[in-house]
Amino acid sequence: MTKQVKQLDRVIIRFAGDSGDGMQLTGDRFTQQSAAFGNDLSTLPNFPAEIRAPQGTLPGVSSFQVHFADHDILTPGDAPDVLVAMNPAALRANLGDLPPGATVIVDTHDFTDRNLAKAGYSGNPLDDDSLDSYLVHPVDLTGMTVEAVKEFGLSRKDAGRAKNMFALGLVSWMYGRPVETTVDFLSRRFAKVPDIRDANITAFTAGWNFGETTEAFAVSYEIKPATMPPGTYRNITGNLALAYGLVAAGVQSGLPVFLGSYPITPASDVLHELSKHKSFGVTTFQAEDEIAGIGAALGASFAGHLGVTTTSGPGIALKSETIGLAVMTELPLLVVDVQRGGPSTGLPTKTEQADLLQAMFGRNGEAPVPIVAPRSPGDCFQTALEAARIAVTYRTPVMLLSDGYLANGSEPWRIPELDELPTIDPGFATRTNQRDEDGSEEFWPYLRDEATLARPWAIPGTPGLEHRIGGLEKADGNGNISYDPANHDFMVRSRQAKVDRIAASLPPIEVDDPSGAPGAGEAKVLVLGWGSTYGPIGAGVRRVRRAGFAVAQAHLRHLNPFPADLGDVLARYDKVLVPEMNLGQLAMLLRARYLVDVIGYNRVQGLPIKAGELAEAIAELVSQSEGVRVDLTGTEDHTREAHGRQIQSEGALS
Amino acid sequence: MTSTDLPFPGLHSGIERVPRLAEDQPAQTGKDFTSDQEVRWCPGCGDYAVLKAVQSFLPDLGLRRENIVFISGIGCSSRFPYYLDTYGMHSIHGRAPAIATGIATAREDLSVWVVTGDGDALSIGGNHLIHALRRNINMTILLFNNRIYGLTKGQYSPTSEPGKVTKSTPVGSIDHPFNPVSLALGAEGSFVARTIDSDRKHLTGVLSAAAAHRGTSFVEIYQNCPIFNDGAFDAVKGRDTEDAIIPLVHGEPIRFGKDGGKGLIRDAAGGGVKIAEVAEVGEESLLVHDAYQPDPSTAFAISRLTDAGHLHQAPIGIFRQVERPTYDDQARAQVTTAEALVDQAREAQLASLITGSDTWTVV
């Protein structure tokens, strides 16, 4: 049977099932296949905090969304074109996100009265008209999987577990994904259990073949590789890129990396990953608590290692006192906060950006800490290196604010050449730097470098430089305990001045304003963000531009200190919109610092900001500032309808 | 040969990998270890005696001064590092063992010491203390126990006796105290000892053994606070202590009192140990102290002879000293083993790490 192949420029697929159904693995494999094929992509895993919530219930639903395209994309997408639902709960939990016309592939096997009731259905939605606005493919994925793998003699339960690979095979056929990477992966992963390996590969292949032979799926789709800048690419998640960045910081500085950490979602994967890289001289220490994690890291820094601690918001709260000690002792220290929904335990597996003010101010006394934030999963690599550069150069703790979306989301990442990476010079002190009154040589641990205001870093084992540091206020220069009022005032200002001076080492802000030089073109509105909102902001800005209007975008990697030209850039635009996944924390800092009346766009739902909604907010602001009506109709990517049934008058595109 | 291969404890030194002074270098004196900072403890504070003992004992180790690190927390005793001309950090309340863990794990060439007090180590820092002991990090912890909070001016501490009247307990403390030695033994301590600030000879002997031990050496030092808890340890100080101090000497029968008239015997009924008149039970029944015994039960039982209330009687000496692999040695071994398997330069190794196995090229 010859089937029709349609061209699409982008697709958003969401795999959803029970948290034991292997949806994260399924999504990850589809992502790897798409990456290998050369599509640009962006992913959004979404899973419950419970490891195994009661089976078949709404709280137990786990999903993985992947957006892939033949062009440069910025977000995992607002709404899926295709939903693969492995049980009634997965259908019910995700249906609300689907636009009319979306394709829904349902595993009918679990649509029993009992499971329907668990999901809160009073009747079977496959039998009534509630799904009429979608193109629904009811398929007994489990039953066909069990049938396909029966030759391996597995229990019915074990056989059924391969249903996620059957689903993956089917969807891989629909979108012409290459299958080799997944077959290789399964061969490696289950090398020691041949039955399971063969069952999974067979289920995967059976799913593919089912798509090709059944009449239920008449069309497959082709999404061509994206045009991307030349280079070698891989797919990477934020936590993996962050761990690699820390390893690279060790190599680039020549310092052994010491990670002191306590397990916490969503940061634990950085600990897991770094613990694999002992061959780089990396030591990982799983501490008894968050405080010991950072304490050991600070001790290692004192001893001349690159001390790192990784955590999420609640852990930062516990580490605050030690961060203050690092500020006072002026030792290099990397503090990684993979932010999650708060306050308190909050939403452990969901994303948020609400720790900015905690990073900025969450300590007693005047305790300035530099803050950097990555904008995308791959950018976590460069940002980790930048954090290490600042920490080592300026002898200071540095806060790196990632978040749950960056941590688990993935994107194609152009692998940098080593000569693109910064060199970091620890510049250990090796000799005395002062003479006392009778001319004998001394070492002053708080004699600052004139350019950076950094103090010397003399590590134990260096003869003649024995010294004591600590949390008590230091006398400028010799570092002895000092309660002198004028000295305290001077030291408070010196620590602040040192952090402020980092700005001199930062490049100018890159303002993306196609209408001209900042402030000189037609754009009156600047959208300014930080962290993981980069994708949604970029996508929203594009839609407004597609409607024919000018809008500028800039994104901050450095939150403390701000780049030196930020005030100037802000002043060049009539309106500044600051989208954040919090109630306006960057906005508050900008208002306080620059007296600019920035406008917040704030969503705290535990999910990335939706580009479509943000585009409306940008359009509204452009309308206000230019006195025109901005109509975004037709600016969204236009391929959705090609997936499902033809909706009313919009018709099918291909 | 690893530490676990040793036939008996004590041979594998806690300082064997720390650089020593060369033979031809002049011997160090206590003065070399004295910093230029004025000591600011209260007159009569027991801390002076400990400081003096440490300053005069450190040269005996023969280590290079720059390879010695003292870490402290918060409290009167935690000012200690400022007065020693070594590397040091006066850190934050209770966290010294955690910070020292990072230092000791990062560097095998350092002799790491923690100076802490009963509030610092047993209240706010209790968690770090027990985990350091459990991991057996190569460091020596000196716990100055004065059974009171001094720096905050006289509140009861986790070792204060029940009923103690202090500023925060005007009608008497209702907290049951910790016995630091029992706690350390329960936390898998591999070297647990107790000594007294005023007994220079005993203190120095215990410090020497503690430094020589590879792993976490825990030393409780009874230390008098003349301002807020004066006389807390009078029973075990000065003259007429023979009924109060139960001396523990490895390989010796445990006996004390006038003419050694009392001793420890097994308590068949309670499963522990008890005090008996030697004349009644006979010398042959006396318990012979075995600090090297792998099972800590007897050491724990002996530690229970310490008064929980006002101190009249306490065992003094090394309760336990056993060889056990240290966390820091093993952590470094894992790293060096992994490093030895790589024959690439670090840069090439990094390039292949970040490239991984699934890549595609855009031209």
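Scroll up to find the structure.
The paragraphs below set out a description of the structure included in this document. None of the values given here were measured: they were computed from a predicted structure. Along each chain, the written sequence defines residue order, and numbers are assigned to residues from 1. Think of it this way: whatever chain is written first is A, whatever ligand is written first is 1, and the rest follow in order. Confidence filtering applies because this is a predicted model: local features only for residues at pLDDT of at least 70, side-chain atom pairs given and counted only at 80 or more, and all residues used for totals across whole chains, interfaces and linings.

Observations regarding unusual backbone geometry
Thought 1: Residue Pro343 of chain A is reached from Gly342 of chain A by a cis peptide bond, and omega for that bond is 5 degrees.
Thought 2: Of the consecutive residues Asn560 of chain A and Pro561 of chain A, the connecting peptide bond is found in the cis state with omega at -5 degrees.
Thought 3: Runs of H or I in DSSP of at least four residues are treated as helices and runs of E of at least two as strands, each being numbered from the N terminus. The topology assignment puts Pro561 of chain A in the loop between β23 (558-560) and α18 (566-571).
Thought 4: The phi torsion at Lys153 of chain B lies on the positive side, around 75 degrees, for a residue other than glycine.
Thought 5: Here Lys153 of chain B lies in the loop between β4 (139-145) and α5 (180-186).
Thought 6: Put plainly, a residue is buried at 20 or more neighbouring C-beta atoms within 10 Å of its own, exposed at 12 or fewer, and partly exposed in between, counting only other residues' C-beta atoms, which are placed from the backbone. The class of Lys153 of chain B is exposed, set by 11 C-beta atoms lying within 10 Å.

As for the sheet that holds strand β10 (residues 273-277) of chain B
All names here are of chain B.
Thought 1: Any two strands between which DSSP finds at least two bridges are classified as paired. Reading across from one edge, β8-β9-β10 is the order of the 3 strands in this open sheet, with antiparallel pairing throughout. Of all the strands in the sheet, just β8 (255-256) and β10 have a single pairing partner and so form its edges.
Thought 2: Across 2 bridges, the pairing between β8 and strand β9 (residues 262-266) is antiparallel. From the neighbouring strand, Phe256 faces β9, where its bridge partner is Lys262.

Brief notes about the environment of Phe300 of chain B
Residues and elements named next belong to chain B.
Thought 1: Considering the arrangement of structural elements, one finds Phe300 in helix α8 (residues 297-303).
Thought 2: With 20 C-beta atoms counted inside 10 Å, the residue Phe300 sits in the buried group.
Thought 3: Sequence spacing of Phe300 and Gly257 is 43 residues, and the spatial spacing of their C-alpha atoms is 21 Å.
Thought 4: Note on contacts: residues are paired as contacts if their backbone-placed C-beta atoms lie within 7 Å. Apart from the residues lying within four places of it in its own chain, the contact partners of Phe300 are Ser182 and Leu185.

A short note on the packing of helix α9 (residues 238-253) of chain A against helix α10 (residues 346-355) of chain B
Thought 1: Direction vectors running N to C along α9 of chain A and α10 of chain B enclose 170 degrees, while the axes themselves pass 10 Å from each other. One way to sum up the angle between α9 of chain A and α10 of chain B is to call them roughly antiparallel. From α9 of chain A, Tyr244, Val247, Ala248 and Val251 of chain A reach across to α10 of chain B, where they touch Arg346, Glu347, Leu350, Leu353 and Ile354 of chain B.
Thought 2: Each residue gets one of three labels, nonpolar for Ala, Val, Leu, Ile, Met, Phe, Trp, Tyr, Cys and Pro, charged for Asp, Glu, Lys and Arg, and polar for the others, Gly among them. Considered class by class, the residues forming the contact of α9 of chain A with α10 of chain B number 7 nonpolar, no polar and 2 charged. Each axis is a line fitted through C-alpha atoms, taken for helices only over the stretch in contact, and angles between the N-to-C directions span 0 to 180 degrees. Oblique is the label for every angle not falling under 35 degrees (roughly parallel), over 145 degrees (roughly antiparallel), or within 65 to 115 degrees (roughly perpendicular).

That is the geometry; function is a separate question.
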